[in-house]
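Inside the fold
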Amino acid sequence: MEAIILAGGFGTRLKPLTYTRAKSLLPIMNRPMISYIVNQLPDEVNRVILAVNYRKKEIEEFFEGNDFGKEIIVNEEKTPLGTGGAAKFAEKHITGSFFVLNSDIISSLDMKKMVDFHYKNNGFITISLWPVKNVSEFGVVDIEGDRIKKFVEKPRPEEAPSNLINAGAYFMEPEVMDRIESGRLVSMEKEIFPKVIGEGKSFLGYRVSGYWIDVGRIKSYLRVHRILMEKTGKENFVGENCKIQGKVSGSCLGDGVFVGEGTEVRDSILYDRVHVSEMAKMKNCVIGEDCEIGRDSDLENVVIGDNEVIEDGSMIRDKKIWTQKIPEGYPEEQVGNVLKR
Ligand code: GTP
């Protein structure tokens, strides 16, 4: 069985962190995000097709250096093809029913149970569903029993047919491929799903219970750490060779991080080799690799790209910091985005 993992996005909402790394390799508790999805796959999945383009080489290298016990195929799109287009582009590797998965969703979805549900109910397509409070910000499903009738984009709460949204994991029959045109950007959600529902095929919804986080934004990137760290029961997650002289709470530190005396780091993510000098304060921040944070600085809701230097005594709030060149070809806006959020 195959799983196509969509990992070709630029992750523009996570810049400047994604200026220097693929979004799917952003660390979550010091492990690349994509490794959580691969580890979640059921044993039946013996082949993983990575649908990539931006920073393909890094993703390839990560899988070359880490064995997940599955065949890994790196399928490079020359230009982003969207969910449907990327799946179609992987068609030659598909031998039967297959998964299509977003690489930026961290959840407790039991994929094995989802497969069993699909077969038991004779599904043509089964998608995962997650309940939300704020229906008017999402596309919700109109569902009868387990069968999805249609998608309703951003309904008013009183008009919402349910509180369930597309949770970004799909399991489908290979004949779905016949409905996707090759060689162009195709949205599975906007083009293929309505087409399949219109044909009266069995289009099913499988509810996720537990937790579900779409790690598309900095806020959710910080939140996924809080949720997973809580599960470990530890106050902090600290990498190797760190030197902590100050106080650190609710935070995740990469390898070789230094936190100076009198400094307080709260609810933040510090990548490898970040150096925070003495008497600084930091809350709700993400600090890129090799950054230097000056003494007496005070940072809140700040995201800093790799290799930046923050002067002593800086007071910064609600800001993304990147003073270096933006990588060539990196888009200003979202491109080929899959789920509108
Ligand atoms: P933003 O630019 O911040 O919207 O991030 P993104 O580029 O990752 O887009 P989005 O969050 O909508 O993408 C959801 C998932 O699909 C992510 O795992 C992306 O890597 C992936 N993805 C998005 N567009 C494409 C595409 O055209 N091709 C492939 N192969 N993957 C894609």
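The following paragraphs examine the structure supplied in this document. Quick caveat, the model's predicted, so the values are computed rather than measured.

**Considering the packing of aromatic side chains**
Tallying each qualifying case throughout the model produces 16 aromatic pairs. An aromatic cluster of three or more residues is present, and its members are Phe10, Tyr19, Tyr54, Trp322 and Tyr330. Residue placement shows Arg31 over the ring face of Tyr36; its charged tip is 4.0 Å from the ring centre. Over the aromatic face of Phe124 sits the side chain of Lys201, whose NZ or CZ is 5.0 Å from the ring centroid.

**Quick word on the sheet that holds strand S26 (residues 309–310)**
Sheet strands pair by backbone hydrogen bonding; their relative direction is either parallel or antiparallel. As summarised here, the arrangement of the five strands in space is S15-S18-S21-S24-S26, forming an open sheet in which the pairing is parallel. Each having just a single partner strand, strand S15 (243–244) and S26 make up the two edges of the open sheet. Bridging between strand S24 (residues 292–293) and S26 involves two bridges; their strand directions are parallel. Counted as the bridge partner of Glu292 is Val309 from S26.

**Things to note about helix H1 (residues 33–40)**
A turn of α-helix holds 3.6 residues, and therefore any two residues three or four places apart point the same way. Burial of H1 is extensive: seven of the eight residues sit out of reach of the surface. Among the residues making up H1, those that are buried are Met33, Ile34, Ser35, Tyr36, Ile37, Val38 and Gln40.

**Focus on the side chain of Ser268**
If you trace the backbone, Ser268 turns up in the loop between strand S19 (264–266) and strand S20 (269–270). Among the polar contacts made by the side chain of Ser268, one reaches the main-chain amide nitrogen of Asn284 at a distance of 3.3 Å. Of note is the side chain of Ser268, whose polar atom sits 3.0 Å from the backbone nitrogen of Cys285. With residues up to four places along the chain from it excluded, the contact list for Ser268 reads Leu222, Gly250, Ser251, Cys252, Met282, Lys283, Asn284 and Cys285.

**Some points on helix H4 (residues 111–120)**
Among the residues making up H4, those that are buried are Met111, Met114, Val115, Phe117 and His118. Taken down its axis, H4 places every buried residue within 160° of arc, on the same side. On the buried face of H4, the contacting elements are H1, strand S6 (98–102), strand S8 (125–131), strand S11 (164–172) and strand S12 (203–207).

**What about unusual backbone geometry?**
With omega at 5°, the peptide bond leading from Lys15 into Pro16 counts as cis. Topologically, Pro16 is positioned in the loop between strand S1 (2–6) and strand S2 (27–28). One non-glycine residue with positive phi stands out, namely Asn122, at about 50°. By the secondary structure assignment, Asn122 is in the loop between H4 and S8. The exposure class of Asn122 is exposed, given its relative accessible area of 62%. Non-glycine residue Asp296 carries a positive phi angle of around 65°. Mapped onto the secondary structure, Asp296 falls in the loop between S24 and strand S25 (298–304). A relative accessible area of 44% places Asp296 in the partly exposed class.

Basis of the calculations
- Residues numbered from 1 in each chain as written.
- Predicted model: local features only at pLDDT ≥ 70, side-chain atom pairs only at ≥ 80, totals over all residues.
- Heavy atoms only, no water.
- Phe/Tyr/Trp six-rings, centres within 6.5 Å; stacked < 30°, edge-to-face > 60°.
- Lys NZ or Arg CZ within 6 Å of the ring centre and 35° of its normal.
- Pairing = 2+ DSSP bridges.
- Helix = DSSP H or I, 4+ residues; strand = E, 2+ residues; numbered from the N terminus.
- Buried < 20%, exposed > 50% of the residue type's maximum accessible area, 1.4 Å probe, protein only.
- Polar contact = N/O pair within 3.5 Å; in protein donor to acceptor, adjacent residues only side chain to side chain.
- Contact = heavy atoms within 4.5 Å.
- Arc of directions from axis to C-beta.

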